Amino acid sequence: ECVSGCVCPQGLYDDGRGGCVEHKDCPCIHNNQWYSSGQKIKVDCNTCTCQKGVWTCSENSCYGTCMIYGSGHYITFDGKFYDFDGSCEYVATQDFCGDRKSSGSFSIITENVPCGTTGVTCSKAIKIFLGKTELKLENKDYKEIQRDVGDDVRYWNRTVGLYLVIEASNGVMLIWDKKTTVFIKLTPDFKGQVCGLCGNFDGKSNNDFTTRSGLQETNALKFGNSWKQSSMCPDATYEIKPCDLKPHRKSWAEKECSIIQSKIFKICHSKVDPKPFYEACVHDACSCDSGGDCECFCSAVAAYAQECTKAEACVFWRTPDICPIFCDYYN
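Residues numbered from 1 in each chain as written. Predicted model: local features only at pLDDT ≥ 70, side-chain atom pairs only at ≥ 80, totals over all residues. Heavy atoms only, no water.

In the nomenclature of an unreviewed UniProt entry, the chain is known as Mucin-2 of Dryobates pubescens.

Below is the structure:
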């Protein structure tokens, strides 16, 4: 029977844009955006090429990056985004895991403290254990403590713009903005070898909530509590929603954070989903009610801008009115 509608002549294919093309010219789709045959995109450290409607990608092993920022936002090495507000010291990541507990080479601990009056927590200090060296990053500075046990692991530090960068000879790198944002980068050698709040870096995000005892959790609270350093700290028992506790701040927070979903970041929207970053921004802007409002908002937008830069969508969003940075001072 006849069916009304548009079809392509025999041997040609619908290209999704209202045209008909030969098979060799079929386009590909990535994050709801169409790419023509032969076009290339970067995904992490790999290049993908569109060929006959299918992506073919190089298979380089990439650095893993875990981000902790603002009031309790985490993006694991495998890209899982979650919130956890616990007031204690927690293992961010370490390679003392499972049966090999004795043979690890590093551990990174985040000390989380309440920020604002709603009960959300921010990372106040970071401790890095590299062999027998302990580094403590706090109050915009860091100090070194030498311990008696452990191997010699060399490390270097340098300042890059806003950030302090610590790089160790074992393949661990930490980038700290001297406030509440920290990036932990690991070489591909650590794939599947680490544990903690940053997940296990095995390329799969669905098993990142592995507790200290090796169990798979679905609940961020139970997972986060299992990684606290001291049993004396109370468990985090419920998810804090600061905008419900401070409704008068909600409309201000939504208005300020709308920059993430605005046309300023338009080139990034198809590469990095803005929704979780917008929600995290509103959460932070509501919760920072005891000073540092702008700092919380700026850190939240900067976290999205950082992910955009990683996806090769560079956005110049800072202005003299919005989160200015005095470049001549930092250069």
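Once you've had a look at it, read on.
Draft legend 1. Representation of the sheet that holds strand β14 (residues 133-138) in the model. Taken in spatial order, the five strands line up as β11-β12-β13-β14-β15 in an open sheet, and their pairing is antiparallel. Since the sheet does not close on itself, it has two edges, and those belong to β11 (89-94) and β15 (141-146), each with one partner. Averaged over all adjacent pairs, the angle separating strand axes in this sheet is 25°, with direction ignored. Of the pairings in the sheet, the one linking strand β12 (residues 106-114) to strand β13 (residues 121-130) comprises nine bridges and is antiparallel in character. By the bridge assignment for β13, F106 is matched with L130. (Pairing = 2+ DSSP bridges. Helix = DSSP H or I, 4+ residues; strand = E, 2+ residues; numbered from the N terminus. Axes fitted to C-alpha atoms, helices over the stretch in contact; angles between N-to-C directions.)

Draft legend 2. A look at the pattern of salt bridges. Within the structure shown, the criterion is met by 13 salt bridges. We note a salt bridge from R158 to E167, for which the minimum N-O separation is 2.9 Å. On the accessibility criterion, R158 (40% relative accessible area) is partly exposed. Relative accessible area serves as the criterion here: at 26%, E167 is assigned to the partly exposed category. A salt bridge links K241 to E239; the shortest N-O distance between them is 4.0 Å. E239 gets classed as exposed once you look at its relative accessible area, which sits at 55%. Connected through salt bridges with shared partners, the residues E111, K124, K136 and E138 form a single ionic network. (Salt bridge = Lys/Arg side-chain N within 4 Å of Asp/Glu carboxyl O. Buried < 20%, exposed > 50% of the residue type's maximum accessible area, 1.4 Å probe, protein only.)

Draft legend 3. Layout of the state of the cysteines. Considering all chains together, one arrives at 13 disulfides under this definition. Paired through a disulfide, C268 and C308 show a sulfur-sulfur distance of 2.0 Å. Its torsion about the S-S bond being -95°, the disulfide of C268 and C308 is classed as left-handed. Placement of the pair is C268 in helix α4 (residues 266-269) and C308 in helix α6 (residues 293-310), with a sequence separation of 40 residues. The same class applies to C268 and to C308, which are both buried. Across a sulfur-sulfur distance of 1.7 Å, C288 and C296 are joined as a disulfide pair. Its S-S torsion of about -70° marks the bond between C288 and C296 as left-handed, since a negative value means left-handed. Classification of C288 as buried rests on a relative accessible area of 5%. (Disulfide = S-S within 2.5 Å.)

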